[in-house]
Amino acid sequence: MIHRILRGTALSLACAAVAVAAHTNDHGLDAKNMDPSAGACRDFFQYADGGWLKSNPIPPAYSRWSLDDEINERNLGILRNILENAAAHPGALGETSQKIGDFYAAAMDEVGIEKAGTAPLKDDLAAIAALKSPADVATLVRDWQRLGNQVLFDFEAQPDLKDSNKDIAYAGQGGLGLPDRDYYTRDDAKSMDLRTKYQAHIARMLGLIGDRNAGDEATWVLALETRLAQASLDRVALRDPANSYHIYTVADADAATPHFSWSGFFHHAGRDDVQSFSLAHPTFFVAADRALAEVPLAHWQAYLRWRLIDAQAPYLNKALVDADFDFHARTLRGAKEIKPRWKRAIGSADAALGELLGQAYVAQVFPPEAKQRALELVNNLKIALRARIARLDWMSAETKQSAYAKLDTLVAKIGYPDKWRDYSTLKIARVSYLDNMRAAAAFDAQRQIAKLDRPVDRSEWDMTPQTVNAYYNPMGNEVVFPAAQLLPPYFDAKADDALNYGGIGSVIGHEMTHGFDDEGSQFDARGNLADWWSKRDRTEFEARTAKLVEQFNSYVPVDDLHINGKLTLGENIADFGGLLVAYDAFKLTAQGKGDTKIEGLTPDQRFFLSYAQTWRTAQRPEQLRLQVQSNEHAPAKFRTNGPLSDIPAFAHAFNCKAGDPMVQPPAKIVDIW
Ligand SMILES: [Zn+2]
């Protein structure tokens, strides 16, 4: 629920013709997913996934359809069962079933929600109407922040970048309704058209809660958000952690923003003891503070109503839910119809009570022995990465020692947390969906506030076990793999090594390599922002990553939009390194050393096909535009073809020749980890 100011780096949001035997087994590669006519050396993504793409049109309620979505769909069935059982027998498992059961029942009570209409917003709307001055606006923002309603800026506890054992407060830029600051500043026709639609959407939503002057108000809101956007850093700048680390004493922060009192903020949060924190993006806060002084009160009131309704519409009546879907899912992402209520309710339960739901989930899908097998894979990958570092000819022996130290202290978290989150102070009732979401947001805000200036709890997870994803956390030097990412076909105990190393092996290698990407490499073995590189080695590293930036800058996934090579650099380094580390680890297995064909495919062909098939993804053009303009991950096709075209073992496996599209010219070949 908390928007991350300092983010860990997540996995996703992913020639000679080769005869493939028509027969497939349940634990093998599915030949039907392929499109051999595409040519492995021309477009490997299409070659490996073309059959799947053809027979898997994107379902109307989705803006993207991929392997991860297929796994997630399976998960939804499991989670629905858990939640329906808990709702029917709320006392069966004590506190857990009461909370998740009552939460789900309230979320599914369509009749009750419809009957309540916008009444659940009454108190907040009255508080906005009662504001008399800019000082009152600042006070309301302060009080909402304490309740987890993150208006105007983002707030969270994260490790001190210079002392990763201690959490401190970070207040960061925020307050926007569009996906990124650039949406407010670009002046091409498509961007301007989108802003017109956004303004119409704001007016429609404000009209739905009874504003009579919604048209003017929408103009004011867009102007205010544009003002905030212009003072915000862009996403490339945000990837440099130093740009979010500006330590202020509370008194100095008060002086920097005379119209917003940080001492008052910490006082009302019950943390008078906090002496200093990161006012992460000072330029933004100076501009927001000036807006508090200069923007008319009526404009602020419209803005606050808009931020309130934009955040809470999904938990209210049908008119608001539909209008919210219309802009955020249809216009921005290209979805054709809304997901059924039960799927949306599960998403909310995951956000509000994720680790309670997770306990029931892992009991069903993730046996303890799976944890052990995944840990063995991680250790094999670590050995392979260490050997690769040892072989690097561009890195000095001294810097290598620091790299080994970082690899040796890397922590792997597998499946689910050793210590589950304690939800005992969170009250959930079968009365109001919105009230439950608010209670969860307030609970989360309290958790953040309680952490400030205290030792970091290393047992915590940033993803729930039922999430099909993984991440690297540079401040903890840890790789984290939720149970849902460790299921077939990523990881199948009955499949051959080629498939597992090409699947989950590449995922594990990806997360490990994040420790050594352009961002992660700025953190040392203890998770502190500290330079462990010699100057010469750093220059050499940057020359190599610059080639990868150039390679991805040249790709055009949709319309005339190029991938942003700098924005996606960390992910691309991780994909590329992850594949190589997984390949090396695979070559240490008996299958990797041999040449026995399975289903007509050599071990290496199976490895690379497995990698490409985990990336099978179809996306609507709207979703592609959104991703290319605002996400650190390149679209799946380029995460497949990009790194593979730099890898000689891939060309060798499929007999690709110089000049083939899947083979980079020698001068452009990227070689980093
Ligand atoms: Zn990643």
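Note that this is a predicted model, so its numbers are computed, not measured. (Residues numbered from 1 in each chain as written. Predicted model: local features only at pLDDT ≥ 70, side-chain atom pairs only at ≥ 80, totals over all residues. Heavy atoms only, no water.)

Caption draft 1: Representation of the state of the cysteines. Going through the model one piece at a time under the given rule, you end up with one disulfide. Each disulfide pairs two cysteine sulfurs, and for cysteine 41 the partner residue is cysteine 656, the sulfurs being separated by 2.1 Å. Judged by the sign of its S-S torsion, about -85 degrees, the cystine formed by cysteine 41 and cysteine 656 is left-handed. You can see cysteine 41 sitting in the loop between strand S1 (9-10) and helix H1 (44-55) and its partner cysteine 656 sitting in the segment after helix H27 (648-653), a full 615 residues away along the chain. (Disulfide = S-S within 2.5 Å. Helix = DSSP H or I, 4+ residues; strand = E, 2+ residues; numbered from the N terminus.)

Caption draft 2: Expanded view of the packing of helix H8 (residues 189-208) against helix H9 (residues 214-230). Contact geometry for H8 and H9: axes closest at 8 Å, N-to-C directions at 130 degrees. With respect to H9, the element H8 is oriented oblique. At the point where H8 passes H9, the crossing takes the right-handed sense. Of the residues in H9, those in contact with Arg195, Tyr198, Gln199, Ile202, Ala203, Leu206 and Gly207 of H8 are Ala214, Gly215, Glu217, Ala218, Thr219, Val221, Leu222 and Glu225. A breakdown of the residues in the contact of H8 with H9 according to their chemical character gives eight nonpolar, four polar and three charged. (Axes fitted to C-alpha atoms, helices over the stretch in contact; angles between N-to-C directions. Parallel < 35°, antiparallel > 145°, perpendicular 65-115°, else oblique. Left-handed = near helix turned anticlockwise from the far one by under 90°. Contact = heavy atoms within 4.5 Å. Nonpolar A, V, L, I, M, F, W, Y, C, P; charged D, E, K, R; others polar.)

Caption draft 3: Structural detail: the domain arrangement of the protein chain. In terms of domains, the protein chain is made up of domain 1 (9-75 + 349-431 + 463-668) and domain 2 (120-316). The distance between the C-alpha centroids of domain 1 and domain 2 comes to 35 Å. Contact residues are listed per partner, giving 20 residues for domain 1 and 19 residues for domain 2. Interface area for domain 1 against domain 2, summed over the two sides, is near 1700 Å², with a carbon-plus-sulfur share of 52%. The salt bridge involving aspartate 559 is made with lysine 190; its shortest N-O contact spans 3.3 Å. For the pair domain 1 and domain 2, the interface holds nine residue pairs in polar contact (both at pLDDT 80 or more). Among the secondary structure elements, those contributing two or more residues to the side of domain 1 that touches domain 2 are helix H22 (569-586) and helix H25 (621-630). The greatest single-element share of the side of domain 1 that touches domain 2, amounting to four residues, is contributed by H25. A class-by-class count of the residues in the side of domain 1 that touches domain 2 yields six nonpolar, seven polar and seven charged. (Domains from an automatic or database assignment. Buried area = accessible area lost by both parts, 1.4 Å probe. Salt bridge = Lys/Arg side-chain N within 4 Å of Asp/Glu carboxyl O. Polar contact = N/O pair within 3.5 Å; in protein donor to acceptor, adjacent residues only side chain to side chain.)

Caption draft 4: Representation of the packing of aromatic side chains. In total, this model carries 46 aromatic pairs according to the counting rule given. Aromatic pair phenylalanine 153 and phenylalanine 285: ring centres 5.6 Å apart, planes at 65 degrees, arrangement edge-to-face. Residue phenylalanine 153 is found in strand S3 (residues 153-160), and its partner phenylalanine 285 is found in helix H13 (residues 282-294); the two are separated by 132 residues along the sequence. Under the relative-accessibility criterion, phenylalanine 153 is labelled buried at 2%. Three or more aromatic residues joined by ring pairs make a cluster, and in this case those are Phe44, Tyr47, Tyr501, Tyr583, Phe586, Phe607, Phe608, Phe650 and Phe654. (Phe/Tyr/Trp six-rings, centres within 6.5 Å; stacked < 30°, edge-to-face > 60°. Buried < 20%, exposed > 50% of the residue type's maximum accessible area, 1.4 Å probe, protein only.)

Caption draft 5: Main features of H9. Taking 1.5 Å per residue, 17 residues should reach 24 Å; H9 reaches 24 Å between its end C-alpha atoms and fits that length. Among all positions of H9, only Ala214, Glu217, Ala218, Val221, Leu222, Leu224, Glu225, Thr226, Leu228 and Ala229 are buried. On its buried face, H9 is in contact with helix H7 (182-185), H8, H13 and helix H14 (297-312). (Expected span 1.5 Å × (residues − 1).)

Caption draft 6: The side chain of asparagine 631, seen in detail. Its location among the elements puts asparagine 631 in the loop between H25 and helix H26 (636-644). Among the polar contacts made by the side chain of asparagine 631, one reaches the side chain of histidine 633 at a distance of 2.7 Å.

Caption draft 7: Spatial organisation of the environment of alanine 582. By the secondary structure assignment, alanine 582 is in helix H22. Classification of alanine 582 as buried rests on a relative accessible area of 0%. C-alpha separation for the pair alanine 582 and leucine 233, spaced 349 residues apart in sequence, amounts to 35 Å. Once you skip the residues sitting within four places of it in the chain, alanine 582 turns out to touch Leu381, Tyr501, Gly505, Ser506 and Phe607.

Caption draft 8: Summary view of helix H15 (residues 318-333). Aspartate 326 marks where H15 bends most, by close to 30 degrees. Looking only at H15, the buried set comprises Leu320, Val321, Ala323, Asp324, Phe325, Phe327, Ala329 and Leu332. At its buried positions, H15 is contacted by H7, H8, H14, helix H16 (341-365) and H25. (Bend = angle between axes of the 7 residues up to and from the residue.)

Caption draft 9: The arrangement of the side chain of threonine 614 in detail. Within the secondary structure, threonine 614 is located in helix H24 (residues 603-614). From its side chain, threonine 614 meets the backbone oxygen of tyrosine 611 in a polar contact 2.7 Å long.

Caption draft 10: Expanded view of the pairing of strand S6 (residues 276-279). With two bridges joining them, strand S4 (residues 163-173) and S6 adopt parallel strand pairing. Residue tyrosine 170 lies in a different strand from S6, and its bridge partner there is serine 278. The pairing of strand S5 (residues 247-249) with S6 spans three bridges and is classified as antiparallel. Following the sheet pairing, threonine 249 is matched in S6 by serine 276. (Pairing = 2+ DSSP bridges.)

Caption draft 11: A look at the nonpolar core. Counting 191 residues, the largest nonpolar core has Phe44, Phe153, Trp262, Leu304, Phe608, Phe654 and Trp673 as its most contacted members. Of the residues forming this core, the biggest block, twelve residues, is contributed by H16. In this structure, this core is formed jointly by two domains, domain 1 (9-75 + 349-431 + 463-668) and domain 2 (120-316), each of which donates at least three residues. Dropping the residues within four chain positions of it, phenylalanine 608 is found in contact with Phe44, Leu579, Tyr583, Leu644, Ile647, Ala649, Phe650, Ala653 and Phe654. (Core = buried A, V, L, I, M, F, W, Y, C linked by side-chain atoms within 4.5 Å.)

Caption draft 12: Just the pattern of salt bridges, in detail. With the rule as written, the count across this model stands at 45 salt bridges. Of the charged contacts in the structure, one is a salt bridge between arginine 388 and aspartate 584, with a shortest N-O distance of 2.7 Å. Remark: aspartate 584 occurs in helix H22 and arginine 388 occurs in helix H17 (residues 368-391); sequence separation between them is 196 residues. The class of aspartate 584 is buried, set by a relative accessible area of 17%. Among the charged side chains, a network of salt bridges with common partners joins Asp444, Arg447, Lys451 and Glu460.

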